[in-house]
There are 2 protein chains.
Amino acid sequence: MQYICEKNRMTNLIVGTVAFDAIETPYGKTDKIVGGAATYISLSASFFTDKLNLVSVVGGDFPQEAIQMLENHNVNTSGLQIKKNEKTFFWSGKYHNNMNSRDTIETQLNVLENFDPIVPKEFSESEFLMLGNLVPSVQQKVLDQMKKRPKLIVLDTMNFWMDNCWDDLIQALKEVDVLTINDEEAQQLSGEHSLVSAAKKIQKMGPKYLIIKKGEHGALLFEGKNKFFAPALPIENVFDPTGAGDSFAGGFIGYLSGQNEINFDKMKTAVIYGSVMASFCVEKFGTEKLTEISKKDVQQRAMEFVELSSFSL
Amino acid sequence: MQYICEKNRMTNLIVGTVAFDAIETPYGKTDKIVGGAATYISLSASFFTDKLNLVSVVGGDFPQEAIQMLENHNVNTSGLQIKKNEKTFFWSGKYHNNMNSRDTIETQLNVLENFDPIVPKEFSESEFLMLGNLVPSVQQKVLDQMKKRPKLIVLDTMNFWMDNCWDDLIQALKEVDVLTINDEEAQQLSGEHSLVSAAKKIQKMGPKYLIIKKGEHGALLFEGKNKFFAPALPIENVFDPTGAGDSFAGGFIGYLSGQNEINFDKMKTAVIYGSVMASFCVEKFGTEKLTEISKKDVQQRAMEFVELSSFSL
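Residues numbered from 1 in each chain as written. Chains lettered and ligands numbered in written order. Predicted model: local features only at pLDDT ≥ 70, side-chain atom pairs only at ≥ 80, totals over all residues. Heavy atoms only, no water.

A. Expanded view of the overall build of chain A. Tallying secondary structure elements over chain A gives ten helices and 14 strands in all. On the principal axes, the C-alpha backbone points of chain A span a range of 60 × 45 × 45 Å. Looking at chain A as a whole, 60% of its 313 residues qualify as buried. When contacts within chain A are restricted to residue pairs at least 6 apart in sequence, those whose partners lie at least 24 apart make up 65%. Of the charged side chains in chain A, 32 are positive and 40 negative, and the gap between their average positions amounts to 6 Å. (Helix = DSSP H or I, 4+ residues; strand = E, 2+ residues; numbered from the N terminus. Buried < 20%, exposed > 50% of the residue type's maximum accessible area, 1.4 Å probe, protein only. Contact = heavy atoms within 4.5 Å. Lys, Arg positive; Asp, Glu negative; His and termini not counted. Charge placed at Lys NZ, Arg CZ, Asp CG, Glu CD.)

B. Just the packing of helix 1 (residues 37-45) of chain A against helix 8 (residues 244-256) of chain A, in detail. Residues and elements named next belong to chain A. In the contact formed by helix 1 and helix 8, the axes pass within 7 Å of each other and the chain directions differ by 40 degrees. Taken together, the axes of helix 1 and helix 8 lie oblique to each other. Note on packing geometry: the crossing formed by helix 1 with helix 8 is right-handed. Residues Ala 37, Tyr 40, Ile 41, Ser 44 and Ala 45 of helix 1 pack against Asp 246, Ser 247, Ala 249, Gly 250, Gly 251 and Gly 254 of helix 8. Partitioning the contact of helix 1 with helix 8 into residue classes produces five nonpolar, five polar and one charged. (Axes fitted to C-alpha atoms, helices over the stretch in contact; angles between N-to-C directions. Parallel < 35°, antiparallel > 145°, perpendicular 65-115°, else oblique. Left-handed = near helix turned anticlockwise from the far one by under 90°. Nonpolar A, V, L, I, M, F, W, Y, C, P; charged D, E, K, R; others polar.)

C. Up close: the packing of aromatic side chains. Residue and element names in this part refer to chain A. Under the criterion given, the structure shown has 17 aromatic pairs over all chains. Ring centres of Tyr 255 and Tyr 273 lie 5.1 Å apart, and the angle between their planes is 25 degrees; this geometry places the pair in the stacked category. Residue Tyr 255 is located in helix 8, and its partner Tyr 273 is located in helix 9 (residues 264-281); the two are separated by 18 residues in the primary sequence. Through a chain of ring-to-ring contacts, three or more aromatic side chains come together here, namely Tyr 27, Phe 239 and Phe 285. (Phe/Tyr/Trp six-rings, centres within 6.5 Å; stacked < 30°, edge-to-face > 60°.)

D. Helix 7 (residues 195-204) of chain B, seen in detail. Residue and element names in this part refer to chain B. Of all ten residues in helix 7, seven are buried, a share of seventy percent or more. Leu 195, Val 196, Ser 197, Ala 198, Ala 199, Ile 202 and Gln 203 are the residues of helix 7 that are buried. For helix 7, the secondary structure elements touched by its buried residues are strand 11 (178-182), helix 6 (183-190), strand 12 (209-213) and strand 13 (219-223). Sitting at the amino-terminal end of helix 7 is Ser 194, which places a side-chain oxygen 3.2 Å from the backbone nitrogen of Val 196. Remark: Gly 206 follows helix 7 within two positions and exhibits a positive phi of approximately 145 degrees. (Polar contact = N/O pair within 3.5 Å; in protein donor to acceptor, adjacent residues only side chain to side chain.)

E. Just the sheet that holds strand 5 (residues 52-59) of chain B, in detail. Residues and elements named next belong to chain B. The nine strands lie next to each other as 6-5-1-9-10-11-12-13-14, forming an open sheet whose pairing is mixed. Both edges of this open sheet fall to strand 6 (75-83) and strand 14 (226-230), since each of them pairs with a single strand only. The sheet shows a mean angle of 15 degrees between the axes of neighbouring strands, direction not considered. Alignment of strand 1 (residues 12-15) against strand 9 (residues 128-131), held across four bridges, turns out to be parallel. Considered in strand 9, the bridge of Ile 14 is made with Met 130. Across the sheet, helix 8 (residues 244-256) lies against strand 1, strand 9, strand 10 (152-156), strand 11, strand 12 and strand 13, angled at about 175 degrees from strand 9, the strand it touches most. (Pairing = 2+ DSSP bridges.)

F. Looking closely at the relation of the copies chain B and chain A. Superposition of chain B onto chain A requires a rotation of 180 degrees combined with a translation of 0.0 Å along the rotation axis, giving an RMSD of 0.0 Å. Both copies are brought into coincidence by an operation consistent with a two-fold rotation axis. Among all residues of chain B, the minimum C-alpha distance to the rotation axis is found for His217(B), at 2.9 Å. A high fraction, 100%, of the interface residues of chain B reappear at the interface in chain A, so the copies pair face to face through one surface. (Least-squares fit on C-alpha atoms with pLDDT ≥ 70 in both.)

G. Structural detail: unusual backbone geometry. Although it is not a glycine, Asn110(A) sits at a positive phi angle of roughly 50 degrees. Among the structural elements, Asn110(A) can be located in the loop between strand 8 (102-108) and strand 9 (128-131).

H. Up close: the pattern of salt bridges. All names here are of chain B. Inspection of the entire model under this criterion finds 23 salt bridges over all chains. The salt bridge involving Lys 213 is made with Asp 156; its shortest N-O contact spans 3.0 Å. With a gap of 57 residues between them, Lys 213 in strand 12 and Asp 156 in strand 10 connect regions that are remote in the sequence. The pair formed by Lys 213 and Asp 156 is uniform in burial state, with each residue classed as buried. Of the charged contacts in the structure, one is a salt bridge between Asp 265 and Lys 268, with a shortest N-O distance of 3.9 Å. In this pair, Asp 265 and Lys 268 both sit in helix 9 (residues 264-281), three residues apart, roughly one turn of the helix. Judged by its relative accessible area of 53%, Asp 265 is exposed. Given the relative accessible area of 8%, Lys 268 is considered buried. (Salt bridge = Lys/Arg side-chain N within 4 Å of Asp/Glu carboxyl O.)

I. Representation of the interface of chain B and chain A in the model. Facing 37 residues of chain B, the contacting portion of chain A comprises 37 residues. Summing both sides of the interface, chain B and chain A together bury roughly 3,200 Å²; the carbon and sulfur share of this comes to 61%. Counting the surface chain B buries against chain A, the share from its top three residues, Phe229(B), Phe311(B) and Leu313(B), is 24%. Linking chain B with chain A are two salt bridges, by the criterion used here. In this structure, Glu236(B) and Lys200(A) form a salt bridge, with 2.8 Å as the shortest nitrogen-oxygen distance. The interface formed by chain B and chain A holds 16 residue pairs in polar contact (both at pLDDT 80 or more) in total. Among the secondary structure elements, those contributing two or more residues to the side of chain B that touches chain A are helix 7, strand 14, helix 9 and helix 10 (295-309) of chain B. (Buried area = accessible area lost by both parts, 1.4 Å probe.)

J. Region of interest: the side chain of Thr242(A). All names here are of chain A. On the secondary structure map, Thr 242 appears in the loop between strand 14 (226-230) and helix 8. Exposure remark for Thr 242: the relative accessible area of 5% places this residue in the buried category. Here Tyr 95 takes part through its side chain, which lies 2.8 Å from a polar atom of the side chain of Thr 242. Residues contacting Thr 242, with those up to four places away along its chain left out, are Asp 21, Ile 23, Tyr 40, Trp 91, Tyr 95 and Cys 281.

As structure tokens, this is what we get:
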């Protein structure tokens with residue numbers, strides 16, 4: 001269980017939304033539950049490291065217990081701004097039968113509308129930086145506040161920012177080591193249909209590593225001419241895909257922050273641990289599953305991935 | 001290069017269409033070229049075995065050179081019926097930009113309309129039987145002519161037969177060891193959305209092994225509680241997906257027929273060799289690539305699959 005090694009563990013700074021979600025899937029429906037990219041990222045990463053710093057914003061309506069829950073998962077929440085007179089970011093969505101597509105029913109930006117991320121001084125030398133899906137200009141503001149260039153910067157984004165904030169996104173990408181997007185977003189960002197061609201172009205935009213998340217079809221990792229295909233665990237009942245991509249990112253960066261070096265082999269393993277965390281996430285609504293499992297469960301599931309993808313010629 | 005071992009190689013009987021195709025993809029367009037499931041299956045399998053028996057039908061318009069080409073690839077064509085006064089099965093289709101969907105422009109059944117498969121006596125004890133995509137009742141007629149139960153029966157089918165010949169298909173499935181279909185077909189056949197649930201149901205219909213082909217997303221193999229996920233090689237330019245599934249089947253059964261035993265581990269390797277053959281197939285139009293490559297190319301590409309999917313925890 002190499003990943004539990006406590007030596008040389010480095011500090012992670014996680015920036016992203018902390019939110020309320022209301023979710024409907026063919027399996028059921030939730031009222032407002034705690035969600036948001038940074039929540040999923042932090043919870044997932046907490047299985048690999050106890051050095052987690054969070055920068056985000058919530059409103060006065062955000063429950064203290066939820067903040068305590070993050071603290072209980074090794075998350076330093078001193079960078080979580082609480083805007084007493086405002087409301088927490090809220091998203092509600094409905095998944096279709098195949099779980100591969102969803103409709104947004106409502107988005108209330110609330111505190112996110114004027115979010116000015118403030119990186120506390122003690123966070124500004126974090127060695128690992130995870131920029132969850134946010135307005136690219138907000139991601140840039142975080143980059144600008146880092147006193148020391150982190151050892152690894154991972155950025156997640158989505159088609160919406162490609163449509164609406166292209167220039168800011170392109171600017172931020174220049175500073176990034178790893179970009180995580182889905183296959184359609186890789187095509188949009190590169191203008192290439194083939195993912196191999198897309199990867200080549202995107203790597204010229206800044207990120208040395210590109211991870212293309214394909215949901216139930218697994219994930220692809222590209223670095224130069226190196227390629228790695230991580231399977232997704234076939235799951236009998238995908239209850240709720242919300243947060244799967246963020247859980248992936250959390251497992252990915254959490255694992256890497258415990259390693260002595262970063263290279264393609266470590267990245268491959270990190271993609272597997274990311275896939276492990278995503279596979280747990282979708283088994284229950286919201287963050288429920290992530291708060292139930294143990295490190296042992298994580299390791300056991302990682303072994304299932306070995307079984308799932310190993311063969312000999 | 002274990003697969004080149006010549007000992008105990010067993011005989012394959014391949015049944016399926018031998019056809020003319022006219023194909024249009026974003027990369028170009030062909031006139032009538034030689035295609036058909038049994039053609040792709042045979043060519044792919046020929047990299048693994050020289051014991052290939054073909055049962056199919058063509059018209060008087062089918063070129064002798066194409067038959068010779070099959071013979072040159074170790075295919076015994078004495079079970080290929082030639083209907084002098086009829087025409088060969090013809091299909092034309094056009095692939096859309098994403099290559100994942102296609103429109104059939106024209107289908108001329110011709111000789112296929114009244115195809116009565118006759119298994120020559122010397123083929124009726126073949127140890128491996130590959131039933132390519134055909135009317136289920138024709139597949140059944142072949143099963144009925146086998147003197148000895150083959151060691152392994154693989155059946156490929158498609159949604160069209162589920163829509164139109166349900167009962168015949170269900171009947172044939174009872175005798176089959178391995179079924180190869182795509183993900184939507186697995187859902188249709190089982191009535192289950194989850195592929196894990198679909199696999200459970202389908203395995204109760206007869207096939208001990210189920211292979212779900214997902215094109216560019218790889219392939220899944222199920223046997224009881226065992227699962228294996230084979231990646232697809234990310235390819236820069238997919239020129240023509242025609243025949244990829246059949247090339248997969250050919251590599252799969254060809255590899256297995258050279259093995260001393262059949263178990264889940266051998267099946268996993270067979271799925272990889274199937275994926276290797278499919279990855280070659282799509283790189284040029286029709287069967288062109290399959291006729292250009294060598295056994296060494298096959299083995300080198302198999303090593304690429306090892307690279308692509310190997311990791312350590």
